[in-house]
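In case you want the letters, here they are:
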Amino acid sequence: MKSAQRTAALLAGAVAVVAAPVVAMKALSDPADPRVLVGAAPPATLLPGDVRDASGRMLAGAVWTGLVAYDPASGAPVNAAAESVTSPDRRVWTVRLRQGGRFHDGTPVTSRSFTGAWTAVLSEGWHGASLFTDVARVKGAKAHGKDVAGLKVKDDRTFEVTLDRPFNGFPSLLGDPAFLPMPDGVLRSRDWSSYARLPIGNGPLRVRAHDGRRIVLERLSGGRSIVVKAMPDARQYAAVEAGDLDIATAVPPNRHESMDSDFRGRHLAVPGRALTYLAFPAWEARLSSPSLRHAISMAIDRSAVTEGALGHQYSPANSFVPPGIIPGHREGQCRHCVHDSAAAISALKDANGLSGPVPLWYQSNSGDDAWVKAVADQLRKELGLDTRPNPVPDLPAALNTHKVNGPFVVHSEAPYPAPVAALAPSRTPSPASTTTPPT
């Protein structure tokens, strides 16, 4: 298991395995261009309920104010657009909005701004729909459904959310982009494509222009505007060095070691909520022994993988709760994450060994090639196993047809900052696996 870190700008993001892309900041001292220029991968969409990538989340956090935000010290949800989020039984939740909230077009933020937007997420089958159906389990919520029994508007500032079962983590979930509001005009017109091009939010920055190459953000409080330029990760670092960019949201693997000297005091890494596991197929009896799984886990030198194949971009996991989830994260909770050759060999003997090929299955073109190869090399060296990387074009299909006959890669990112959000996927990362020992 490896835990990923994210940049300050990338609040949720790319495939995760270990210590993160970092924000490199150029000193801003009366530049000729009065704007702040930020490099980022282009977002797939700016529809809040359909946000699915790091850039989209970064922009959503600037353009909208959700019901809750997260305290940077404790990670606990704190009220933002909401005045209160309360429940007597953790099943029926009452949300009371702050008075005076308005969208950038001047229209009021009301209860229907939220319930209408949430219903649209479900009826349109957007990316965030599973948070309503599978995580929060709002009563009556289903993908492509138009009526949601669990959403009731009490008045312009109060609405009620009824869940299928008690869920203590519901307030923590409300900071996700899927739960952001949309103005009445777009909810009535349902012109989602036009809204995605120039969305109207209720946050501290408004979108002034968006042409595919750049997104111009204007501060409501005045001051310098921000231009988010569509730029590949590999180009951003050099652009900051050359003075063509003020902030980079990604750093190439080969520049992480030099970053501190290149941008001393002007870079930042923020822990993320992602983990990567090796899971084992339930139908492969020869891999069913817990001792075998422990042996494989302890034979992996995570630090060597992260410092080598992963270019210092990630950090070795030592807990089942990633560091980006402050409540519940404790260093050193995963005993079998510690590299221990002698213990690994002993555990393999307890499992009566493992003969024959042990392919490591993973999705091709996912960016996992280097670290999977490094892990395969370590398992051959440490345990004498016949391990080889096995990239496939459609890993889910291979799992569904039971073709997978060795450990396979599972990427998991908690949808909200609570321990249960990280632990639930590790119990059942896919219908095909029985357990996911940390790797």
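Every value quoted in this text rests on a predicted model; they were computed, and no experiment measured them. (Residues numbered from 1 in each chain as written. Predicted model: local features only at pLDDT ≥ 70, side-chain atom pairs only at ≥ 80, totals over all residues. Heavy atoms only, no water.)

Student: How do you make sense of the sheet that holds strand β6 (residues 82-86) when you look at a structure like this?
Tutor: Strand pairing in a sheet relies on backbone hydrogen bonds. The paired strands run either parallel or antiparallel. In spatial order, the strands read β6-β7-β9-β8; together these 4 strands make up an open sheet with antiparallel pairing. Only two strands of the sheet have a single neighbouring strand rather than two, namely β6 and β8 (151-155). Ignoring strand direction, the axes of neighbouring strands in this sheet form an average angle of 20 degrees. In the sheet, β8 pairs with strand β9 (residues 158-162) via 4 bridges, with the strands oriented antiparallel. Note on β9: the bridge partner recorded for leucine 151 is valine 161. (Pairing = 2+ DSSP bridges. Helix = DSSP H or I, 4+ residues; strand = E, 2+ residues; numbered from the N terminus. Axes fitted to C-alpha atoms, helices over the stretch in contact; angles between N-to-C directions.)

Student: I keep staring at helix α2 (residues 111-123) and nothing clicks. Help me out?
Tutor: What sets the pattern is the α-helix's 3.6 residues per turn: residues three or four places apart point alike. Taking 1.5 Å per residue, 13 residues should reach 18 Å; α2 reaches 18 Å between its end C-alpha atoms and fits that length. Burial in α2 covers these residues: Ser111, Ser113, Phe114, Thr115, Ala117, Trp118, Thr119, Ala120, Val121, Leu122 and Ser123. For α2, the secondary structure elements touched by its buried residues are β7 (92-97), α3 (129-135), β8, β9, α5 (184-189) and α6 (192-197). Positive phi shows up at glycine 125, right after α2, with a value of about 65 degrees. (Expected span 1.5 Å × (residues − 1). Buried < 20%, exposed > 50% of the residue type's maximum accessible area, 1.4 Å probe, protein only. Contact = heavy atoms within 4.5 Å.)

Student: In this structure, what is going on with the state of the cysteines? I would like to understand it.
Tutor: Here a disulfide denotes a covalent bond joining the sulfur atom of one cysteine to the sulfur atom of another. This model, assessed by the stated rule, comprises 1 disulfide. One disulfide in the model links cysteine 334 with cysteine 337; its S-S distance is 2.1 Å. Handedness here is read from the sign of the S-S torsion; for cysteine 334 and cysteine 337, about 80 degrees, the answer is right-handed. In this structure, cysteine 334 and cysteine 337 share a single accessibility class: buried. (Disulfide = S-S within 2.5 Å.)

Student: I would appreciate a short explanation of the nonpolar core in the present structure.
Tutor: Judged by nonpolar contacts, the single largest core of 66 residues is most densely connected at Leu67, Trp118, Phe132, Val138, Met182, Leu217 and Val228. Here this core gets 6 residues from one element, more than from any other, and that element is α2. Not counting the four nearest positions on each side in its chain, valine 138 is found in contact with Phe132, Val148, Gly150, Leu151, Val161, Thr162, Leu163 and Asp164. Residues Tyr314, Tyr362, Trp371 and Val372 belong to the second largest nonpolar core, which totals 29 residues. (Core = buried A, V, L, I, M, F, W, Y, C linked by side-chain atoms within 4.5 Å.)

Student: How should I be thinking about the packing of aromatic side chains in this particular structure?
Tutor: Aromatic rings in a pair are described by how distant their centres are and how their planes are angled relative to each other. By the definition in use, this model includes 10 aromatic pairs. Seen from their ring centres, phenylalanine 114 and phenylalanine 159 are 6.0 Å apart, and the 20 degrees between their planes marks the pair as stacked. Taken together, the positions of phenylalanine 114 in helix α2 and phenylalanine 159 in strand β9 put the pair 45 residues apart, joining distant regions of the chain. Given the relative accessible area of 0%, phenylalanine 114 is considered buried. Note on tryptophan 118 and phenylalanine 159: the rings are 5.5 Å apart at their centroids and 80 degrees apart in plane angle, and the pair reads as edge-to-face. (Phe/Tyr/Trp six-rings, centres within 6.5 Å; stacked < 30°, edge-to-face > 60°.)

Student: Could you clarify how one ought to interpret the pattern of salt bridges in this entry?
Tutor: Opposite charge on two side chains makes pairing possible when the charged atoms of those side chains draw close. Applying the stated criterion across every chain, the model contains 16 salt bridges. Residue aspartate 155 pairs with arginine 96 through a salt bridge whose shortest N-O separation is 3.5 Å. With aspartate 155 in strand β8 and arginine 96 in strand β7, this residue pair connects regions lying 59 residues apart in the sequence. Residue arginine 213 is joined to aspartate 211 by a salt bridge in which the shortest nitrogen-to-oxygen separation is 3.1 Å. (Salt bridge = Lys/Arg side-chain N within 4 Å of Asp/Glu carboxyl O.)

Student: Where do I start with helix α11 (residues 341-350) in this structure?
Tutor: Along α11, the residues classified as buried are Ala344, Ala347 and Leu348. The buried residues of α11 occupy an angular sector of 100 degrees when projected down its axis, which confines them to one face. Pointing more than 90 degrees away from the buried face of α11 are the exposed residues Ala342, Lys349 and Asp350. Where α11 is buried, its residues contact α9 (290-299) and α12 (369-383). Looking at where α11 begins, the residue whose side-chain oxygen comes 3.4 Å from the main-chain nitrogen of alanine 342 is aspartate 340. (Arc of directions from axis to C-beta. Polar contact = N/O pair within 3.5 Å; in protein donor to acceptor, adjacent residues only side chain to side chain.)

Student: It is not clear to me how the side chain of threonine 162 should be interpreted in this structure. Could you clarify?
Tutor: Its location among the elements puts threonine 162 in strand β9. The buried category is assigned to threonine 162, whose relative accessible area is 12%. The residues contacting threonine 162, other than those within four sequence positions of it, are Arg91, Val92, Val138, Lys139 and Gly150.

Student: Would you mind going over the environment of tryptophan 64 with me for this structure?
Tutor: Examined against the element boundaries, tryptophan 64 turns out to sit in the loop between α1 (54-63) and β4 (68-70). C-alpha of tryptophan 64 to C-alpha of proline 48: the two residues are 16 residues apart in sequence and 8.6 Å apart in space. A distance of 3.2 Å separates a polar side-chain atom of tryptophan 64 from the backbone oxygen of proline 181.

Student: Looking at this structure, how should I read the pairing of β9?
Tutor: Side-chain positions along a regular strand alternate between the two faces of the sheet. Summarising burial for β9: 5 of the 5 residues are buried, a large majority. Of the two faces of β9, the one holding Thr158, Glu160 and Thr162 and the one holding Phe159 and Val161 are both buried throughout. Judged from the 5 bridges that link them, β7 and β9 form a sheet pairing that is antiparallel. Bridge pairing in β9 places valine 92 opposite threonine 162. Between the end of β8 and the start of β9, which pair antiparallel, lie 2 residues.

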